[in-house]
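A structural walkthrough
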Amino acid sequence: MADLSNVPAAASRAEPVVRIEGLQTTFGKGAEAYTVHQDLSLTVQRGEILALVGGSGTGKTVLLRQMLGLLHPARGSVTVLGRPALEMGGQGAASRVGMLFQHGALFSAFNVLDNVAFALREQGTLPAELVRDAALVKLQMVGLKPEHATRMPADLSGGMIKRVALARALIMDPPLLLLDEPTAGLDPNGADEFCELVRELHDALETTMVMVTHDLDTLFALATRVAVLADRKVIVTGTPTEVAHFPHPFVKQFFLGERGRRAMAPVQAGKET
Ligand SMILES: Nc1ncnc2c1ncn2[C@@H]1O[C@H](COP(=O)(O)OP(=O)(O)OP(=O)(O)O)[C@@H](O)[C@H]1O
């Protein structure tokens with residue numbers, strides 16, 4: 001893998017939040033076996049917002065599932081906060097890793113408050129009023145009002161669903177937050193607002209983030225580093241501008257196509273001033 005960053009020695013010595021080494025992910029067996037990742041390595045340092053990009057079907061979402069401890073590596077290791085991701089399972093998981101699913105994945109039969117409170121309530125360690133108060137604080141953090149707490153998911157806009165899902169992912173103050181296509185389905189204004197919210201929360205809570213995105217505006221708005229998945233592994237990491245010039249067909253098409261040039265225009269303009 002090419003690492004284009006100039007990482008200071010002290011940062012590279014610190015224990016990463018995520019350390020993936022020699023990962024192989026294979027679905028199916030025998031003649032049906034299908035290998036998504038082969039000898040894939042990646043580290044995510046504390047405080048980063050790492051964007052995972054790659055063509056369709058390259059295994060970005062599967063890699064998030066590995067970080068959540070939901071899949072068994074066929075080979076290699078996935079370590080999160082110093083422990084094998086597979087050990088997280090069960091009730092401890094939400095306090096270590098939060099996950100924002102692409103379509104929110106709210107429980108349709110629960111109102112907003114109960115969706116946000118879910119993991120904390122399941123844990124069963126706090127009295128009901130404290131769980132409620134914690135959920136209301138999280139709703140406020142994502143820009144929602146107490147009166148939204150009793151609404152049902154079916155009555156929310158796409159932007160509100162994302163906000164509720166974000167509040168739910170953050171209910172246990174996890175040090176690591178995974179975001180799968182955080183701005184998919186939002187209009188350009190909604191996407192900009194959501195990026196701003198994610199950045200504010202990142203700065204305020206010092207949460208390390210890993211996001212999968214196809215959207216270059218989202219990538220340039222948020223990512224401190226990019227990792228490109230191709231040929232079953234991470235082929236290059238670096239800042240968005242560093243990676244944009246890496247000689248690989250996917251990278252060229254992704255960053256230097258029409259959409260890419262538009263998204264990079266503010267970056268280029270910033271460089272010239
Ligand atoms: N549980 C599973 N069983 C079998 N194959 C799976 C499973 N989950 C994912 N795959 C396969 O693994 C490959 C990678 O899937 P993944 O969803 O990670 O792709 P992706 O990079 O996120 O793609 P996209 O950008 O299109 O969302 C796909 O070919 C998918 O069909």
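For the chain, the name recorded in an unreviewed UniProt entry is ABC transporter ATP-binding protein, with Simplicispira suum as its organism.

Re helix H5 (residues 128-141)
In a regular helix each residue adds 1.5 Å, so 14 residues correspond to 20 Å; H5 covers 20 Å between its end C-alpha atoms and thus fits that length. Considered for burial, the residues of H5 that qualify are Val131, Ala135, Lys138 and Leu139. End-on view of H5: buried residues confined to an arc of 105°, all on one side of the axis. Relative to its buried face, H5 has exposed residues pointing more than 90 degrees away, namely Glu129, Leu130 and Gln140.

Here's the deal with helix H6 (residues 158-169)
Side chains three or four residues apart in an α-helix point the same way, a direct result of the helix having 3.6 residues per turn. Here H6 is 12 residues long and its end C-alpha atoms lie 17 Å apart, about the 16 Å a rise of 1.5 Å per residue gives. The buried fraction of H6 is high, at 9 of 12 residues. Taken together, the buried positions of H6 are Ile161, Lys162, Arg163, Val164, Ala165, Leu166, Ala167, Arg168 and Ala169. Against the buried residues of H6 lie strand E7 (97-100), helix H4 (112-123), H5, strand E8 (176-180) and helix H7 (188-205).

Structural notes on the site of the ligand
Taken together, Phe27, Val36, Gly54, Ser56, Gly57, Thr58, Gly59, Lys60, Thr61 and Val62 make up the full set of residues near the ligand. Among the elements that take part in the shell around the ligand, helix H2 (residues 60-67) stands out by supplying 3 residues, more than any other. Residue classes in the shell around the ligand are distributed as 3 nonpolar, 6 polar and 1 charged.

Overview of the nonpolar core
Counting residues in hydrophobic clusters, the biggest one holds 72 residues, and the most contacted among them are Leu52, Met67, Val80, Val97, Val116, Leu178 and Val210. When residues of this core are assigned to their parent elements, the largest contribution, 6 residues, is made by H6.

Describing unusual backbone geometry
Positive phi values are uncommon outside glycine, yet Asp173 reaches one of about 50°. When you line up the elements, Asp173 lands in the loop between H6 and E8. Even without a glycine there, the phi angle at Glu206 is positive, about 55°. Structurally, Glu206 is set in the loop between H7 and strand E9 (208-212).

Some thoughts on the environment of Lys138
Note on placement: Lys138 falls in helix H5. Between the alpha carbons of Lys138 and Asp217 there is a distance of 26 Å; along the sequence they are 79 residues apart. Every residue in contact with Lys138, bar those within four places of it in the chain, is listed here: Val116, Ala167, Leu170 and Ile171.

What about the pairing of strand E4 (residues 49-54)?
Burial of E4 is extensive: 6 of the 6 residues sit out of reach of the surface. Burial along E4 is two-sided: Ile49, Ala51 and Val53 and Leu50, Leu52 and Gly54, pointing in opposite directions, are all buried. Looking at chain direction, E4 and E9 are connected through 4 bridges and run parallel. Across the sheet, residue Ile49 finds its bridge partner in E9, namely Met209. Judged from the 5 bridges that link them, E4 and strand E10 (residues 225-230) form a sheet pairing that is parallel. Pairing of Leu52 across the sheet is with Ala227, part of E10.

What counts, and where the lines are drawn
- In this convention, every chain numbers its residues from 1, walking through the sequence in written order.
- pLDDT decides what is reported in this predicted model: residues at 70 or higher carry local features, side-chain atom pairs at 80 or more are listed and counted, and totals for whole chains, interfaces and linings draw on all residues regardless.
- Helix and strand definitions follow DSSP, with helices as H or I runs of at least four residues and strands as E runs of at least two, each counted in order from the N terminus.
- Any helix carries an expected span of 1.5 Å times its number of residues minus one.
- Counting other C-beta atoms within 10 Å of each residue's C-beta, where C-beta atoms are placed from the backbone, gives the exposure class: buried for 20 or more, exposed for 12 or fewer, partly exposed between.
- Arc, as used here, means the arc of the directions from the helix axis to the C-beta atoms.
- Throughout, a pair of residues is in contact if the C-beta atoms placed from their backbones lie within 7 Å.
- Whether a residue is near a molecule or strand depends on its C-beta atom, generated from backbone atoms, being within 6 Å of that molecule or strand.
- Each residue receives one of three labels: charged for Asp, Glu, Lys and Arg, nonpolar for Ala, Val, Leu, Ile, Met, Phe, Trp, Tyr, Cys and Pro, and polar for the others, Gly being one of them.
- Any nonpolar core is a set of buried residues, restricted to Ala, Val, Leu, Ile, Met, Phe, Trp, Tyr and Cys, that join up through C-beta atoms within 7 Å.
- Paired strands, in this sense, are two strands between which DSSP finds at least two bridges.

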